[in-house]
Amino acid sequence: MNDTPTALAADVARRPVRKAGSEASGTTDATKLRQEILAELTYSVGRSPETASTRDWFVATALAVRDRIVDRWLLEHAPDHARPRKRVYYLSLEFLIGRLLFDALHNLGLTDAAREALAGLGVELDRVREAEPDAALGNGGLGRLAACFMDSMASVGVPAFGYGIRYDHGLFRQGMRDGWQQEYPEDWLSFGNPWEFAHPEIDYAIGFGGYVEQINSGGRAKHVWRPAEKVDAVAFDIPVVGWRGKHVNTLRLWSARAPDPLSLAAFNRGDYVGALADRVRVESISKVLYPSDETPAGQELRLRQEYFFASASLQDLVRRHLEEHGDLGSLPDHVAIQLNDTHPAIAIPELMRILIDLHDVPWAEAWLITVGTFSYTNHTLLPEALESWPLPLMERLLPRHMQIIYMINALELETARGKRPGDDGLLSSVSLIDENGGRRVRMGVLAFIGSHKVNGVSALHTDLMKQTVFRDLHALHPDRIVNKTNGITFRRWLAQANPRLTKILIEAVGPELLDDPERLELLLPMADDAGLHDALLNARRENKVALAKIIAERNDVWVDPDALFDVQIKRIHEYKRQLLNILETVAVYNAIRAQPMRAWMPRVKIFAGKAAASYHQAKLIIKLANDVARIVNSDPTVRGLLKVAFLPNYNVSLAEAIIPAADLSEQISTAGTEASGTGNMKLALNGALTIGTLDGANVEIRERVGDDNIFIFGLTAQEVQARKQRGFNAHAAVEASPTLREVLDSIRNGVFSPDDPSRYRGLIDGLLDNDVFLVTADFDAYFDAQRSVYRLWRDKSAWMSASVKNTAQVGWFSSDRTILEYAKEIWNVQPSSDLA
Ligand SMILES: *Cc1c(COP(=O)(O)O)cnc(C)c1O
């Protein structure tokens, strides 16, 4: 079970590596690449240039580019390669990677060569790019973070494997019927995936159910788990090439395969469906991504997914470690495992089981190895989003793990008792078992005590973690919690998504910018430069024209590219408060209707985002946005001065189209609820100004761009806590705000839903009865902040100056910086690149 065929690797090691990353050798590179693409088209796709479809060209191009990556990949993983360095294993149930062609081309410095190579064949690179399906193996920010981290680890030279699940169907495709969200299955694999290598020979047996036997082994009690069923986990590898092609890491995704493809006995009885039934059931593990964001799915299949990929990944890395180092005692010296949220936390008892049951390591030593190897990233404080599993389900599905969890818990509680005798409140709060309302295993506690470091994803979030969810665990382990503010890869979110802006920035501060984004600060002295403003305005206008075209095509709405593009794009969730934005939209609409002839500032409100299929309130909010859009866009008194567009099917590719065209970035979650946000970083980098609360990474964006270049409003996290403790009364807030009252009345009375006037009665009454996310409390402050936006927008040069100061001062939010911090303070690995 080798990762790579050894003979081939050795052969490759002897061959000269193709030189990548040199745009200078343009034409020769293009000629060579053209030959390679043609060869792939002919011999891998089986098509001639005359009959090839755009998709065929995409596959041929991807395969040609992949070949170049593979040379480096095999070299780095060649067995005679210098002593392996410490590796990072990033375990994540989600990788929201999006399209990969431009990632690979850009990082290899081949974008121009590919454009030229294809042009010579009468094919347009940008059309080919669009033919790639968007790999949506994630819900939102958490999955996108994992994808940015994969790019950054390869770029700064941290040797890493990403481990996840190769879902047959990623996040659902969102359609709209009459303004209501419709979910359609997503089918990214239906035409194959040219980036991946199937490795049917790399497979591991994953057990479920059964019982635990105690046997006597040389006078010692030994536990043997006898699973009732087994599933095979089969590896599919995607090479991830870093910036300038220096390093290639591996994203290894597991697919479930039934050990027995078919029950011959049933087949021979003539029961053809029954013959396949078992296989279908077993393989359902890697069928679909759970489409829920910020709420745990809670079903047995989800727990199966978690254990399936955690166990396969651990078996894989333990095998590799034993091959390379021979002894599991040295695991923490050579391996760092990062848990992206609690979804893979079952890996902690799984490693204990492997050490104790399979390798006879004594408990105390096994625990030191485990804690020394694992670290855990927390992504949310919302109580409803904290993962826990019912004990009976865990005991049935993973009986040996449950025993280990009890043991971990007993030892942890003993330590806690020793430190704080008699503090029963502390004991119940740090216990792995939640005793309130049906006994459950708390995965957050498991991840916390099984890790040597636990991190939050923004400064505020980390502070709140210490005060809330992990208050008592933090008291017991005061050095464990650290902060690692999220980041984004600038290669995708600036260079690839916004080539027009990138060109201007390179002209202004030099191409070194691509290696060191903090060089963007060199823009600061030019922040008021009229020539720079003009160039930026032209680039942005072209981006806005392109987005206007998309809005016209998909929504049949015409928008003015010179209007302010006010953008809120993210999962639809009550805590993110799209509703607050819609209420402000209605307030503006009411104001325009009251005084149609005033000089209103043209504005386009752009929304995009998916709601979990079972999340009724979020789906109703989508419907409301669409209802408001229909009324506002067709009202002749508005004369196009306000337009509303909800773009369907938000994904990475749509984000790449919207972000470069945004003027205003809506980051308006209730303070204390958004752990970090990364959309806020992407938009600020691209020059949008933020209107937002002091929540998540908005706080750190403000610290960097300065108070004058961001629109901050609303209650702080502390004030939110205080309000809630006092018992917040929405009725009083509404009484105090005539604008808000009028808005709520019009929605409640069916102004936007004449076909069903009572559609929003429940929504509005609910808001008044129990405004959990303090929409009404923040409305006036938000409305006023929007008026300041208008005032600044009227002064083009002041606006552009603020925009430049945003782009210039958010270089720190590069995920390269985040990864270097993890490498140093959590993983103890040495990055190898000059980027470090
Ligand atoms: C960046 C990104 C997110 C996260 O956005 P937030 O505003 O931080 O919630 C979600 N989905 C996609 C497709 C993204 O690119």
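- The name recorded for the protein in an unreviewed UniProt entry is Alpha-1,4 glucan phosphorylase, from Hansschlegelia beijingensis.
- Comment text from UniProt for the protein, heading Subcellular location (unreviewed entry), reads "Cytoplasm".

Overview of the nonpolar core
Now for step 1: The biggest cluster of nonpolar side chains holds 274 residues, and the ones touching the most others in it are M153, W254, F308, L583, W799 and W827.
Now for step 2: The leading source of residues in this core is helix α3 (residues 54-76), at 12 residues.

Quick notes on the site of the ligand
Now for step 1: Within the structure, the ligand sits among 15 residues, and K570, K576, T678, G679 and K682 are positioned closest to it.
Now for step 2: Here an oxygen atom of the ligand sits 2.8 Å away from a polar atom, N or O, in the side chain of K576.
Now for step 3: With the chains in place, 95% of the 390 Å² that the ligand exposes on its own is no longer accessible.
Now for step 4: When residues of the shell around the ligand are traced back to their parent elements, those giving at least two are α7 (141-156), α25 (652-658) and α26 (679-685).
Now for step 5: Residues of the shell around the ligand, tallied by class, amount to 5 nonpolar, 6 polar and 4 charged.

Brief notes about the packing of aromatic side chains
Now for step 1: Tallying each qualifying case throughout the model produces 20 aromatic pairs.
Now for step 2: Both rings, one in W73 and one in F197, keep their centres 5.4 Å apart while their planes meet at 45°; by these two values the pair is tilted. Residue W73 is located in helix α3, and its partner F197 is located in strand β5 (residues 197-208); the two are separated by 124 residues in the primary sequence.
Now for step 3: Residue class for F197 comes out partly exposed when judged on its relative accessible area of 22%.
Now for step 4: The structure contains a cluster of three or more aromatic residues connected by ring pairs, namely Y89, F161, Y163, Y204 and W254.
Now for step 5: In this arrangement the basic side chain of R129 is found over the ring face of F102, its NZ or CZ atom lying 3.8 Å from the centre.

Here's the deal with the packing of helix α23 (residues 578-594) against helix α32 (residues 775-794)
Packed helix pairs are characterised by how far apart their axes lie and by the angle those axes make with each other.
Now for step 1: Their axes nearest at 10 Å, the elements α23 and α32 cross at an angle of 60°. Classified by the angle their axes make, α23 and α32 are oblique. The crossing of α23 and α32 is right-handed. Where α23 abuts α32, its residues L580, N581, L583, E584, A587 and V588 lie against V775, F779, Y782, F783, Q786, R787 and Y790.
Now for step 2: Looking at the contact of α23 with α32, its residues break down into 9 nonpolar, 2 polar and 2 charged.

Side note on the environment of T462
Now for step 1: Relative to the elements of secondary structure, T462 occurs in helix α18 (residues 459-467).
Now for step 2: Look at T462 and you get buried, because its relative accessible area is 3%.
Now for step 3: Measuring from C-alpha to C-alpha, the distance between T462 and N378 comes to 8.8 Å, with 84 residues separating the pair along the chain.
Now for step 4: Not counting chain neighbours up to four residues away, the residues in contact with T462 comprise G456, V457, I481, V482 and N483.
Now for step 5: A polar contact of 2.5 Å, which involves the side chain of T462, links it to the side chain of N483.

Considerations on the layout of surface pockets
Now for step 1: Looking at the largest pocket, its volume works out to about 1400 Å³.
Now for step 2: Lining the largest pocket we find 42 residues, and of these D126, R129, Q496, A497 and P499 sit closest to its centre.
Now for step 3: Going through the elements one at a time, α4 (101-108), α5 (111-119), α6 (125-130), α20 (490-496), α21 (499-509), α22 (530-555) and α25 are the ones with two or more residues in the lining of the largest pocket.
Now for step 4: The element contributing the most residues to the lining of the largest pocket is α22, with 8 residues.
Now for step 5: For the lining of the largest pocket, a count of residues per class yields 16 nonpolar, 11 polar and 15 charged.

A closer look at the packing of α3 against α4
Now for step 1: Contact geometry for α3 and α4: axes closest at 10 Å, N-to-C directions at 45°. On the basis of their axis angle, the class for α3 and α4 is oblique. Crossing hand, α3 versus α4: left-handed. Two secondary-structure elements touch here, α3 through F58, T61, A62, V65, R68, I69 and R72 and α4 through L101, A104, L105 and L108.
Now for step 2: Its residues assigned to classes, the contact of α3 with α4 comprises 8 nonpolar, 1 polar and 2 charged.

About the cut-offs
- Sequence positions are assigned chain by chain, starting from 1 and proceeding in written order.
- For this predicted model, a pLDDT threshold of at least 70 governs which residues receive local features, and a threshold of 80 or more governs which side-chain atom pairs are given and counted, while totals over whole chains, interfaces and linings are taken from all residues.
- Excluding hydrogens and water, the side-chain values take into account all heavy atoms of the structure.
- UniProt positions are given in the numbering used here, feature names are shortened, and annotations may be inferred rather than shown by experiment.
- The definition of a nonpolar core used throughout is a set of buried Ala, Val, Leu, Ile, Met, Phe, Trp, Tyr and Cys residues joined through side-chain atoms within 4.5 Å.
- Working definition: with a 1.4 Å probe on protein chains only, accessible area under 20% of the residue-type maximum means buried, over 50% means exposed, and in between means partly exposed.
- What counts as a helix is a DSSP run of H or I of at least four residues, what counts as a strand is a run of E of at least two, and both are numbered from the N terminus.
- By convention in these notes, a residue is near a molecule or strand provided one of its non-hydrogen atoms lies within 4 Å of it.
- Contacts described as polar in this section are N or O atom pairs within 3.5 Å, which, within protein, must combine one atom able to donate a hydrogen with one able to accept it, while residues neighboring in sequence count only if both atoms come from side chains.
- Each accessible area is a Shrake-Rupley result for a 1.4 Å probe, and residues are judged covered by the shown protein chains and nothing else.
- Asp, Glu, Lys and Arg are counted as charged, while Ala, Val, Leu, Ile, Met, Phe, Trp, Tyr, Cys and Pro are counted as nonpolar; the rest, among them Gly, fall into the polar class.
- Under the pairing criterion, centres of Phe, Tyr and Trp rings, with the six-membered ring standing for Trp, must be within 6.5 Å; the plane angle then separates stacked pairs below 30 degrees from edge-to-face pairs above 60, leaving the rest tilted.
- Should the NZ of a Lys or the CZ of an Arg lie within 6 Å of a ring centre and within 35 degrees of the ring normal, that charge is described as sitting over the ring.
- With axes taken as lines fitted to C-alpha atoms, and helix axes fitted only over the stretch in contact, angles between N-to-C directions fall between 0 and 180 degrees.
- Just so you know how the angles are binned, under 35 degrees is roughly parallel, over 145 roughly antiparallel, 65 to 115 roughly perpendicular, and the rest oblique.
- Each helix crossing is assigned a hand: it is left-handed if the near helix lies turned anticlockwise from the far helix by less than a right angle, otherwise right-handed if that turn is clockwise.
- We call two residues in contact when some of their heavy atoms are within 4.5 Å.
- Definitions used throughout: a 1 Å grid over protein atoms alone; a cavity as a set of points that fits a 1.4 Å probe which cannot get out; a pocket as an open set with protein on both sides within 12 Å along at least five of seven lines; a lining residue as one with an atom within 4 Å of a point.
- Grid points are joined across faces, edges and corners, and a volume is the space filled by probe spheres set on the points.

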